[in-house]
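The primary structure of each chain is shown beneath.
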Amino acid sequence: MSDIATIQGACRCGQVTFALSARPVVTMACHCVGCQKMSASAFSLSALFPVESFKVTSGEPVIGGLHGEARHYFCPHCMSRLFTRPAGVDAFINVRSTLLDHPEQYAPLMETWTAEKLPWVTTGATRSFPGLPDPQDYPGLMEEYARRSA
Ligand SMILES: [Zn+2]
Ligand SMILES: [Zn+2]
């Protein structure tokens, strides 16, 4: 554990900051229409972390997006989309990787919802799923990510 430096993240305005004490377990790009709208771009980029490694260090994130079962948290001031607590997933938190220091380190291993992808988009991800991966795909994806980032 002691060799893992804390990863810092912040929203656009800096009111909300957060820290992670573990490495991501997997990184991804999501092409779903919801991500296209919420990111005001072609896709969203995120990194999945063990939830216990995550801590908000300043500011008070608020719920945004659809206010549905998946809880999307935003900065109350600059409205940056920060992180998601996916519905039914308690062990992991999905953090927008472009908010992290050194976002270039979190190239997406996989891409999801390619069925809704804008036709001219490429992400460099090496694993593609038309929707979400099956739950049983995750151990293999995490293993591959750990191997690749070792
Ligand atoms: Zn902000
Ligand atoms: Zn999405």
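Now for a quick tour of the structure.

Cut-offs applied
- Residues numbered from 1 in each chain as written.
- Chains lettered and ligands numbered in written order.
- Predicted model: local features only at pLDDT ≥ 70, side-chain atom pairs only at ≥ 80, totals over all residues.
- Heavy atoms only, no water.
- Pairing = 2+ DSSP bridges.
- Helix = DSSP H or I, 4+ residues; strand = E, 2+ residues; numbered from the N terminus.
- Contact = heavy atoms within 4.5 Å.
- Axes fitted to C-alpha atoms, helices over the stretch in contact; angles between N-to-C directions.
- Donors = N, O, S within 2.8 Å, 3.2 Å for Na, K, Ca; no water.
- Buried < 20%, exposed > 50% of the residue type's maximum accessible area, 1.4 Å probe, protein only.
- Polar contact = N/O pair within 3.5 Å; in protein donor to acceptor, adjacent residues only side chain to side chain.
- Salt bridge = Lys/Arg side-chain N within 4 Å of Asp/Glu carboxyl O.
- 1 Å grid on protein atoms, 1.4 Å probe; cavity = no way out; pocket = protein on both sides within 12 Å on 5 of 7 lines; lining within 4 Å.
- Points joined across faces, edges and corners; volume = space filled by probe spheres on them.
- Nonpolar A, V, L, I, M, F, W, Y, C, P; charged D, E, K, R; others polar.

1. Some points on the sheet that holds strand S8 (residues 81-85)
Next up, step 1: The eight strands are arranged S6-S7-S8-S9-S4-S3-S10-S11 in an open sheet whose pairing can be described as mixed. Each having just a single partner strand, strand S6 (62-64) and strand S11 (127-128) make up the two edges of the open sheet.
Next up, step 2: Here S6 pairs with strand S7 (residues 71-74) via three bridges, running antiparallel. Residue pairing across strands places Gly 64 opposite His 72, the latter belonging to S7.
Next up, step 3: In the packing of helix H2 (residues 138-148) onto the sheet, contacts are made with strand S3 (26-30), strand S4 (44-50), strand S9 (92-96), strand S10 (110-112) and S11, and the angle to S3 comes to roughly 110 degrees.

2. Topic: the coordination of the zinc ion (ligand 2)
The reference angle at a metal is 109.5 degrees if four donors form a tetrahedron and 90 or 180 degrees if six donors form an octahedron.
Next up, step 1: Around the zinc ion (ligand 2), the protein contributes the donor atoms Cys 30 (SG), Cys 32 (SG) and Cys 35 (SG), at 2.1 to 2.3 Å from the metal centre.
Next up, step 2: Sequence spacing of the donors to the zinc ion (ligand 2): C-x1-C-x2-C. For the pair Cys 30 and Cys 35, one class covers both residues: buried.

3. So, the side chain of Thr 123
Next up, step 1: Its place among the elements puts Thr 123 in the loop between S10 and S11.
Next up, step 2: Exposure remark for Thr 123: the relative accessible area of 17% places this residue in the buried category.
Next up, step 3: A polar atom in the side chain of Thr 123 sits 2.9 Å from the side chain of Glu 111.
Next up, step 4: For Thr 123, the contacting residues outside a window of four places in its chain are Ala 29, His 31, Phe 43, Pro 108 and Glu 111.

4. Some points on the pattern of salt bridges
Next up, step 1: Taken as a whole, this structure holds one salt bridge when the rule is applied.
Next up, step 2: Salt-bridge contacts for Glu 144 lead to Arg 127; the nearest nitrogen and oxygen are separated by 3.1 Å. Taken together, the residues Glu 144 in helix H2 and Arg 127 in strand S11 connect sequence positions 17 residues apart.

5. A word on the layout of surface pockets
Rolling a probe over the atoms, with the probe sized like a water molecule, indicates the empty space that remains.
Next up, step 1: Approximately 770 Å³ is the volume found for the largest pocket.
Next up, step 2: Forming the boundary of the largest pocket are 31 residues, of which Ala 70, Thr 84, Pro 86, Asn 94 and Leu 132 lie nearest the centre.
Next up, step 3: Mapped by element, the contributors of at least two residues to the lining of the largest pocket are S3, helix H1 (33-39), S4, S8, S9, S10 and H2.
Next up, step 4: Within the lining of the largest pocket, the residues separate by chemical class into 19 nonpolar, nine polar and three charged.
Next up, step 5: Quantified by volume, the second largest pocket comes out at close to 260 Å³.
Next up, step 6: Along its surface, the second largest pocket is lined by 13 residues, and Ile 7, Arg 23, Pro 24, Gln 105 and Tyr 106 are the ones closest to its centre.
Next up, step 7: Among the residues forming the lining of the second largest pocket, the class breakdown is six nonpolar, five polar and two charged.

6. Notes on the pairing of S3
Next up, step 1: For S3, the buried fraction is high: five of the five residues fall into the buried class.
Next up, step 2: Burial along S3 is two-sided: Val 26, Met 28 and Cys 30 and Thr 27 and Ala 29, pointing in opposite directions, are all buried.
Next up, step 3: Bridge analysis of S3 against S4 gives five bridges, and the strand direction is antiparallel. Of the residues in S4, the one forming a bridge with Ala 29 is Leu 45.
Next up, step 4: Bridging between S3 and S10 involves three bridges; their strand directions are parallel. In the strand pairing of S10, Ala 29 is matched with Glu 111.

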